[in-house]
Amino acid sequence: MKKVIVYFSEHCKDCGPLKAALDEAGIKYAPVDISSGMFPLKQFLKYRDHRAEFDPIKEKGQVGVPCIVVNDGEQILFSVPEDLDILR
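Attention here is on the structure that accompanies the text. Quantities reported herein were computed from a predicted structural model and do not represent experimental measurements. (Residues numbered from 1 in each chain as written. Predicted model: local features only at pLDDT ≥ 70, side-chain atom pairs only at ≥ 80, totals over all residues. Heavy atoms only, no water.)

**A short note on the sheet that holds strand β2 (residues 30-33)**
Line of reasoning, step 1. With respect to topology, 4 strands assemble into an open sheet ordered β2-β1-β3-β4, the strand pairing being mixed. At either end of the open sheet lies a strand with only one pairing partner, and these are β2 and β4 (75-77). Going from strand to strand, the sheet's axes swing by 20° on average, the running direction of each strand aside.
Line of reasoning, step 2. Where strand β3 (residues 67-70) meets β4, 3 bridges bridge the pair, whose relative direction is antiparallel. Opposite I68, over in β4, you have L77 as the bridge partner.
Line of reasoning, step 3. Contacts from helix α1 (residues 15-24) reach β1 (4-8) and β3, with the element oriented near 160° to β1.
Line of reasoning, step 4. Along the sheet, helix α2 (residues 38-48) makes contact with β1, β2, β3 and β4, crossing β1 at roughly 110°. (Pairing = 2+ DSSP bridges. Helix = DSSP H or I, 4+ residues; strand = E, 2+ residues; numbered from the N terminus. Axes fitted to C-alpha atoms, helices over the stretch in contact; angles between N-to-C directions. Contact = heavy atoms within 4.5 Å.)

Structure representation (structure tokens):
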């Protein structure tokens, strides 16, 4: 089984639908609300500040959530993948 973390914010309009889609598909994940405190934010920034996948997002002035991290950064996604098996 893969380790899946979903970084999100309760203030993000796109995060709720992504989490709902994963729930509906039966994907198990650890939800991390980056707006709930410094520790969750720092966890997220570890990826955001050092991974090229975030460069286009940062260029647009966006935060980068929702963000799905698979197996400690093996794969980073910003939407529900068409092939959900990559999250199982």
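**A few points about unusual backbone geometry**
Line of reasoning, step 1. The amide bond that connects V65 to the next residue, P66, takes the cis arrangement and shows omega of 5°.
Line of reasoning, step 2. With respect to the helices and strands, the residue P66 is situated in the loop between α3 (55-59) and β3.
Line of reasoning, step 3. The phi dihedral of N71 falls on the positive side, at around 50°, and the residue is not glycine.
Line of reasoning, step 4. Mapped onto the fold, N71 is located in the loop between β3 and β4.

**Concerning the packing of aromatic side chains**
Line of reasoning, step 1. Per the stated rule, a full pass over the model turns up 4 aromatic pairs.
Line of reasoning, step 2. Summarising the aromatic geometry, the rings of F54 and F78 are spaced 5.0 Å apart at their centres and angled 85° between planes, so their arrangement reads as edge-to-face. Of the two residues, F54 sits in the loop between α2 and α3 while F78 sits in the segment after β4, which places them 24 residues apart along the sequence.
Line of reasoning, step 3. Ring pairing ties together the aromatic residues Y7, F44, Y47, F54 and F78, which thus form one cluster.
Line of reasoning, step 4. The ring centre of F8 lies 3.6 Å from the NZ or CZ of K19, which sits over that ring. (Phe/Tyr/Trp six-rings, centres within 6.5 Å; stacked < 30°, edge-to-face > 60°. Lys NZ or Arg CZ within 6 Å of the ring centre and 35° of its normal.)

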